[in-house]
Amino acid sequence: NYLKSCMNAIQGDDYTLVTELIDVKSFAQAYIIYDLFKNPDTNYSSLYFYKDAGGKLVCGPVWDFDMSIGNVSHKGNGVFESTETLWSKEQCPWFKALLNHEEFVSLVGEELTEYAPIIRATIKKEIEYALSYSEAYKKNFEKWNILGKQTWSNPGYLVSITTWEEHIEYVENYLEESLQYLEYVYCSNEN
């Protein structure tokens, strides 16, 4: 019943009621992560909430990113190849309804402005960390000879990448381009 009340509120016009029922900041932060990674599971599975007794509905934890960052060919008709999409906004009923509220759109922009430098620093740190384990990666792909080969749901453009170093570069570029697009949509003075 509480979830129904929340959905009715976000589909309505009373943003004050929305803020009384849900932790809008947690939804804004989760939305940014899901659309940064272009996670197709946000639409129908792996979207988690929790609510403490007497508290508001909180979005999280974020979860299930195996088909993110363009690593899916059986959903979206190629939409995940592009970093200039807003899959979660367009496909997830929770985010779609929330983003019809200008106040929530503004909150997403504020959160993105605050966290974009942290996101970039984290990506850089994780890339450096991954590169520091080059010998482990080499051994992994010697044991599991999957680079350049089709495994479940991998799109052709990812199969064509034949070294783990190029995969690292792909991930870094994809996330940066996706972040830039989110900033354009939600942080631009024109929008």
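Because the structure is predicted, anything quoted here is derived from the model rather than measured.

**Student:** Looking at this structure, how should I read unusual backbone geometry?
**Tutor:** Across residues other than glycine, the phi torsion is negative in most instances, and most of the peptide bonds are trans. Residue P61 follows G60 across a cis peptide bond; omega there is 0°. Along the polypeptide, P61 turns up in the loop between β2 (57–59) and α4 (87–91). At D64, a residue that is not glycine, the phi angle is positive and equals roughly 70°. Take D64: it is sitting in the loop between β2 and α4. Positive phi values are uncommon outside glycine, yet I69 reaches one of about 55°. Positionally, I69 belongs in the loop between β2 and α4. Here I69 falls in the buried class, since its relative accessible area comes to 14%.

**Student:** Looking at this structure, I do not really get the state of the cysteines. What am I missing?
**Tutor:** Here, the word disulfide means a covalent bond between the sulfur atoms of two cysteines. Considering all chains together, one arrives at zero disulfides under this definition. With no disulfide partner, C59 has as its closest neighbouring cysteine sulfur the one in C92, 7.7 Å distant. For C187, which is in no disulfide, the shortest distance to another cysteine sulfur is to C59 and amounts to 19 Å. Assessed through its relative accessible area of 28%, C187 is described here as partly exposed.

Rules and cut-offs
Residues numbered from 1 in each chain as written. Predicted model: local features only at pLDDT ≥ 70, side-chain atom pairs only at ≥ 80, totals over all residues. Heavy atoms only, no water. Helix = DSSP H or I, 4+ residues; strand = E, 2+ residues; numbered from the N terminus. Buried < 20%, exposed > 50% of the residue type's maximum accessible area, 1.4 Å probe, protein only. Disulfide = S-S within 2.5 Å.

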